[in-house]
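Residues per chain are reported as follows:
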Amino acid sequence: MSQLQTRFFTENKKYSVDDVPFSIPAASEVQDLSSVINKLLEAKNGSHSQVEFDFLVRGQFLRTSLASHMEAESISTEDVVEIEYVERFTAPQPEECMMHDDWISSVEADSEWILTGSYDKTARIWSLEGKAVMTVAGHTDVVKDVAWVKRDGLTSLLLTASLDQTILLWEWNSERNKLKARHCCRGHAGSVDTIATNPTRTKFCSGSWDKMLKIWSAVATEEDEELEEQPNRPRKKQKTEQLGLTRTPLMTLSGHNEAVSSVLWLDGEEVCSASWDHTIRVWDAETGELKTTLTGSKVFNQLSYSPLCQRLASGSTDRHVRLWDPRSKDGSLVLLSLTSHNGWVTAVKWAPSHEHQLVSGSLDNVVKLWDVRSCKAPLYDVSAHEDKVLCVDWTDSGLLLSGGADNKLYTYRYTACESDAGA
Amino acid sequence: MPTVNLEIQKKGTMSKAKEKSAKKRVAEEDDDQFPIFDKDIAEKENLEDEDDLSDSDESVFSGLEDSGSDSEEDGEGDEDGDDEDEDCAIISDEILKNDTVAETSAKPTATVKNTSKHQDEKLESAGKKNIKKGKGIVMEDGGEKGLTTTFQGLTTTLPADEYDQDTSDEEDVRNTVGNIPMEWYQDYPHIGYDLDGKKIFKPIRNKDELDEFLDKMENPDYWRTVHDKTTASDIRLSDEQVDLVHRLQKGQFGDASFNEYEPSVDFFTNEVMIHPVTNRPQDKRSFIPSLIEKQKVSKMVHAIKMGWIKPRKPKETTPQYYDLWAKEDPNAILGRHKMHVPAPKMRLPGHEESYNPPPEYLLTEEERLAWEQQDPEDRKLPFLPQKHSCLRAVPAFSRFIHERFERCLDLYLCPRQRKMRVNVNPEDLIPKLPKPKDLQPFPTTMSLVYRGHTSLVRSISASPTGQWLVSGSDDCTVRFWEVNTGRCLKTLEVGGAVKGVAWNPNPAVCLVAVCFESTVLLLNPALGDRLVVGATDQLITSYEPPEEDKEQAVTWALSEGPEHDKGHRLTLTHPKGVKQVVWHGKGDYLSSVMPDNTSNLQVLIHQVSKRRTQNPFRKNKGLVQCVSFHPLRPYFFVATQRCVRVYNLIKQELTKKLTANCKWISSMAIHPGGDNLICGSYDCRLAWFDLDLSTKPYKMLRHHKKALRGVAYHKHYPLFASGADDGSVIVCHGMVYNDLLQNPLIVPVKVLRGHQITHDLGVLDVTFHPTQPWVFSSGADATIRLFT
């Protein structure tokens, strides 16, 4: 078999090898290359332990033999091939399974706590270890979305959006484990399906089935001391009571022709929304005007934005995860389609610390971990769920979360990101 | 010219001119021609030669100028020859001498003018000669003849010799008067002179007629007796002579011994011989290239160079055919001969024609009588089947002429109509439909399954916003589903198997009509906008009963207490079982169907805001299957088993009656434009009506294998769907154009499968999502499926 002239390089200084060309058999696969690198590292550093590497040729992961990959990508075999190698991402390890009473509609985790919204009309706060800490009950209908606003020491602000057309802003003291509904945001004329807090944690935006986007203040204003919320109260009594002060929206963004399914902040000034009218729209949060429209061909279920690579990922009512450039001026161009799911993609989330990785959940009960450099196939399929996956999230600490219609919230430990997190 | 070129070499003649040698050759030829003659005729020959010589001189040298003296010499020479004619041996020498004399005397300067003179002299000399000889010359006559013949041509044979041998001529010699009329001697006692010059006297007594007769009677040789005029005597012919006469009369040769069929011997063989006939060496000139030919060739070469001579055009090898009848008009009288119409075929004989037919073909006595009494035209068979013991016993076919005649009549009178067979490619008959790929979007895959019901789901309906779906099932529940997740949000128990559900199409009203048993229930599901829910409740409670309470067909009852909490708002109790409930587009009116074949109370129209019920029909027009409101105009569609009637609600009259061409209509849907309508039927058909076009279906689609249960139009997209008992939903592209001239375009685009067939029932209802190109189907397998 023919030999290929290759040159190996890496971003990670720990594993760097000499910058000299090597002659490698063209038929060699990832395992062979990995062992080559390990041999080189051992020769350089006696105390080196075996590390699994993954290899990238011109930004694409090597998944087959080197020769067939280069043929498929139509790379010339005459020149010296530049091969980048990174430490292989290990498979996410399942950690906890948190049982809910009903379907889990949404999940958001920060570095300490996990917040889930459920179809049993409550939201729940869990510790990262999977311990139920608090049940947030106050909505009269299904909780569709939840969001953390901010945390000052032990006091946290959190949001829950519900089918009952309201958004509740709660204040939770983790030490005393006290929860208080601070504001009830009314104004939507349909179920509130999505909320998102802005990066400065002062505002949040909500999208609803009534086709509207509304921007609210996320600051809990002090006012007359109110009765502390007692979560154990009968639900009926809660309903009759006023849950906190009623708050009205700062701004209403109208323009979508169908229900808004997902909303997020691109930065402090821009709100991006996806809708059932097959469009993704970018709005100016200050003036409320529409800035860009990206048109797809299917209903969008969820959006995610990565500030690292400045790409939007969308899950829609077909089998594809699509990547968009929200800043692009040249029309609605799909940068990349990630196709592996068999059902609607209901949830997508970019990795917070890795510019190439994202996770997606689908109605086919599978959560998939993607690296956009390997768009043909996902890195890992996580098929723990027994029913539809409705939400996924990803924490800075490398924890993957997914919840679905089987009432279970799964957490997975995923540690691969650190190696080139700084990239 | 002589054919044989034998030359006799002679000294002294070598220098003579060619003409002379030619003449010599003539003489030679004469000699050569008669090598078979005997020497005893040499005398005659000699005579001949003399004559010949003169003749030949004359003929050959006819152009000689001065031959006067010469000819006289010739004459003398002749006489010399006459004298010497005794000796044969000398003859040849004489001839040679004569030849030389003639040759020497001949002078080859001749003019045509003197020829006659020379001839005259010649004749004179001949005359003198005859006179000199006088009557004593025996052969004068023959000689003259010979002369004449030789005059005619040198090449002819000499008849004189024949006369020499002819013995019959010798008889004539008895009388020397010659060939004169014998009447001249009538008055004389003699009849002529014999050879000695003595008178030949006539017989003393002439025979009279009586003698003649007696002679005839008595003389046995009379038949062979010939009267000789010249001697006036009767000659009795000998047997040989009689035989000769007979032979001549028969046209045979006189000589009996002559073999006329002797084998012929070719003088020259017909085969090509390797040696030349002559031994003459080839001329020198034959070895010298001809200058003339060279000149000719060079001329031709020059002409070719100058292009005056052109090479022959190559012969066209392709045969030149042409269609003789190419320009013939097929409609012309002759043209139809080409239109061959085959003659009607004769019926092949069957068993009844057999000589020994099976007994069932034989007629019984009554049948035979009936057959005989029938007119020949009415008879089924033109003959009586007859049984014969063996083929040998079969008599002659008595109807042969009759049958042939009828056959001729058939051929003559048969309708000779040409069958016009159209050759069409079957592919061309298929209308050119756009590809389904170009007609997207339409539902293609099953996305969600709504599970929860425990029995077959009869009816589904989507909320006007598209967020919710309501379904009614035989498990006596009504379920409300969240469309995008498949979550069942609410389950309501009702008192019977739910036959129909209908979400109020007005987005400002949140009401769902449910029919089960004989009840129509109006529910407020409390889904969607709180304000709308509240407004709906307000609308229902704000009803104020009118002063005079009219008797109505149904009883309206307001729900209270726990039922109200469950969502029940109004209960309409019908007198009969309700099968279908349908809303008007504005959401205030709804209609319920109570199929009943016996009364006119089948369809009721209710007004919710006034809680009023009307029975629009006075007559029963058949079992009502389903009803529908026109989406825009005040029309009302009522589908019975076979047809759909369109009523104008304001004028209260029948506008149209559509015939569906199917056995039993099961379902009906109106296009949102209002001008088109589809009907599903239990006999697997879907009929599309264009109301502007006709009362007959514009298209019949037979895509389903089993009975159709539900049909639906999409509100915005040009789609319609049908669900059937075969468990499949077929989605069709049904484009309706604003242009009235353009007919709707109907293209089947997708067959959606997913439902399991339970109890022989597949899909029971289909409905489209109000905003997305999605279709819901409910099936007998207790599931609802969403196809996107």
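Here the structure is a predicted model, which is why all the values come from computation and not from measurement.

The rules behind these values
Residues numbered from 1 in each chain as written. Chains lettered and ligands numbered in written order. Predicted model: local features only at pLDDT ≥ 70, side-chain atom pairs only at ≥ 80, totals over all residues. Heavy atoms only, no water. Helix = DSSP H or I, 4+ residues; strand = E, 2+ residues; numbered from the N terminus. Buried < 20%, exposed > 50% of the residue type's maximum accessible area, 1.4 Å probe, protein only. Contact = heavy atoms within 4.5 Å. Areas by Shrake-Rupley, 256 points an atom, 1.4 Å probe, with all protein chains shown as cover. Core = buried A, V, L, I, M, F, W, Y, C linked by side-chain atoms within 4.5 Å. Buried area = accessible area lost by both parts, 1.4 Å probe. Salt bridge = Lys/Arg side-chain N within 4 Å of Asp/Glu carboxyl O. Polar contact = N/O pair within 3.5 Å; in protein donor to acceptor, adjacent residues only side chain to side chain. Nonpolar A, V, L, I, M, F, W, Y, C, P; charged D, E, K, R; others polar. UniProt positions renumbered as here; feature names shortened; annotations may be inferred. Pairing = 2+ DSSP bridges. Axes fitted to C-alpha atoms, helices over the stretch in contact; angles between N-to-C directions. Phe/Tyr/Trp six-rings, centres within 6.5 Å; stacked < 30°, edge-to-face > 60°. Patch = residues over 30% accessible without salt bridge, like charges linked within 9 Å, V, L, I, M, F, W, Y side chains within 5 Å.

**A look at the overall build of chain A**
Counting secondary structure elements, chain A contains three helices and 34 strands. Evaluated residue by residue, chain A yields a buried proportion of 57% over its 423 residues. Across chain A, the fraction of contacts at a sequence separation of at least 24, relative to all contacts at a separation of at least 6, is 50%. Of the accessible surface of chain A, which amounts to about 17,200 Å², a share of 47% is contributed by carbon and sulfur atoms.

**Considering the nonpolar core**
Among the nonpolar cores identified, the biggest contains 22 residues, and Phe8(A), Phe53(A), Phe55(A) and Tyr85(A) are the most heavily contacted of them. Mapped by element, the contributors of at least two residues to this core are β1 (3-9), β2 (22-25), α1 (30-44), β3 (53-57), α2 (66-72) and β5 (81-87) of chain A. Of all the elements, α1(A) adds the most residues to this core, at four residues. Among residues more than four places away in sequence, those in contact with Tyr85(A) are Phe8(A), Phe9(A), Thr10(A), Tyr15(A), Ser16(A), Val17(A), Ile37(A), Phe53(A), Asp54(A) and Phe55(A). Counting 21 residues, the second-largest nonpolar core is a separate cluster that includes Val470(B), Val498(B), Val501(B) and Leu523(B).

**As for the interface of chain A and chain B**
By a widespread convention, an interface's size corresponds to the accessible area lost as its parts come together. At the interface, 22 residues of chain A touch 22 residues of chain B. Interface area for chain A against chain B, summed over the two sides, is near 1,900 Å², with a carbon-plus-sulfur share of 53%. Of all residues in chain A, Trp209(A), Trp276(A) and Trp344(A) bury the most surface against chain B, accounting for 32% of the area lost on that side. Put simply, chain A and chain B have three salt bridges between them. Among the salt bridges present, the one from Lys144(A) reaches Glu482(B), with a minimum N-O distance of 2.4 Å. For the pair chain A and chain B, the interface holds 10 residue pairs in polar contact (both at pLDDT 80 or more). Of the residues in the side of chain A that touches chain B, the class split is 11 nonpolar, five polar and six charged.

**Thoughts on the UniProt feature "repeat: WD" (unreviewed entry) in chain A**
Summarizing the sequence annotation, UniProt attributes the feature "repeat: WD" (unreviewed entry) to residues 97-136, 136-180, 185-217, 253-293, 303-325 and 338-374 of chain A in the numbering used throughout. Measuring from the first to the last C-alpha atom of residues 338-374 of chain A gives 9 Å, for a span that is 0% helix and 51% strand.

**Some thoughts on the pattern of salt bridges**
Counting across every chain of the model gives 37 salt bridges over all chains. Between Asp371(A) and Arg373(A) there is a salt bridge, with the nearest N and O atoms lying 3.0 Å from each other. Both residues of the pair, Asp371(A) and Arg373(A), belong to the buried class. A salt bridge links Lys576(B) to Asp596(B); its shortest N-O distance comes to 2.8 Å. One end of the pair, Lys576(B), is in the loop between β14 (568-573) and β15 (580-583); the other, Asp596(B), is in the loop between β16 (589-593) and β17 (603-607), with 20 residues separating them in the sequence. Residues joined in a network through salt bridges with shared partners are Asp267(A), Glu270(A), Lys291(A) and Arg327(A).

**Looking at the side chain of Thr346(A)**
All names here are of chain A. Turning to its location among the elements, Thr346 is positioned in strand β28 (residues 345-350). Relative accessible area serves as the criterion here: at 11%, Thr346 is assigned to the buried category. Among the polar contacts made by the side chain of Thr346, one reaches the main-chain carbonyl oxygen of Val389 at a distance of 2.5 Å. Excluding residues within four positions of it along the chain, Thr346 makes contact with Asn301, Gln302, Gly361, Ser362, Leu363, Val389 and Leu390.

**Re the sheet that holds strand β22 (residues 279-284) of chain A**
All names here are of chain A. Spatially, four strands are ordered β20-β21-β22-β23 in an open sheet, and the strand pairing comes out antiparallel. Since the sheet does not close on itself, it has two edges, and those belong to β20 (260-265) and β23 (290-295), each with one partner. This sheet shows a mean twist of 20° between the axes of neighbouring strands, independent of strand direction. Direction of pairing for β22 relative to β23: antiparallel, over a ladder of five bridges. Bridge pairing in β23 links Trp283 to Leu290.

**Some thoughts on the packing of aromatic side chains**
Residues and elements named next belong to chain B. Counted according to the given criterion, the structure contains 27 aromatic pairs over all chains. Consider the rings of Tyr450 and Trp481, whose centres lie 5.7 Å apart with planes at 75°: the pair is edge-to-face. You can see Tyr450 sitting in strand β5 (residues 446-451) and its partner Trp481 sitting in strand β8 (residues 477-482), a full 31 residues away along the chain. The pair formed by Tyr450 and Trp481 is uniform in burial state, with each residue classed as buried. Ring geometry for Phe629 and Phe636: centres 5.0 Å apart, planes at 55°, overall tilted.

**Considering the sheet that holds strand β19 (residues 251-254) of chain A**
All names here are of chain A. Pairing in this open sheet of four strands is antiparallel, and the strands run β15-β16-β17-β19 from one edge to the other. One side of each edge strand has no neighbouring strand; the edge strands of this open sheet are β15 (192-197) and β19. Across the sheet, the mean angle from the axis of one strand to that of its neighbour is 20°, orientation sign disregarded. When β15 meets strand β16 (residues 203-208), the two strands line up antiparallel, connected through five bridges. Residue pairing across strands places Val192 opposite Ser208, the latter belonging to β16.

**Structural notes on the environment of Cys626(B)**
Residues and elements named next belong to chain B. When you line up the elements, Cys626 lands in strand β19 (residues 626-629). The sequence separation of Cys626 and Val593 amounts to 33 residues, and the corresponding C-alpha distance is 6.6 Å. If sequence neighbours within four positions are ignored, Cys626 has contacts with Gln580, Val593, Phe637, Val638, Ala639, Ser666, Ser667 and Met668.

**Comments concerning the environment of Thr122(A)**
All names here are of chain A. By secondary structure assignment, the location of Thr122 is in strand β9 (residues 122-127). Classification of Thr122 by relative accessible area gives buried; the value is 5%. For the pair formed by Thr122 and Gly138, sequence separation is 16 residues and the distance between their alpha carbons is 6.9 Å. Those residues in contact with Thr122 that sit more than four places away from it in its chain are Thr116, Gly117, Thr135, Val136, Ala137 and Val143.

**Quick notes on a nonpolar patch on the surface**
Residues and elements named next belong to chain B. On the surface, Met300, Ile304, Met306, Trp308 and Ile309 cluster together into a nonpolar patch covering about 560 Å² of accessible area. With respect to the secondary-structure elements, Trp308 resides in the loop between α11 (291-306) and α12 (335-338). Residue class for Trp308 comes out exposed when judged on its relative accessible area of 58%.

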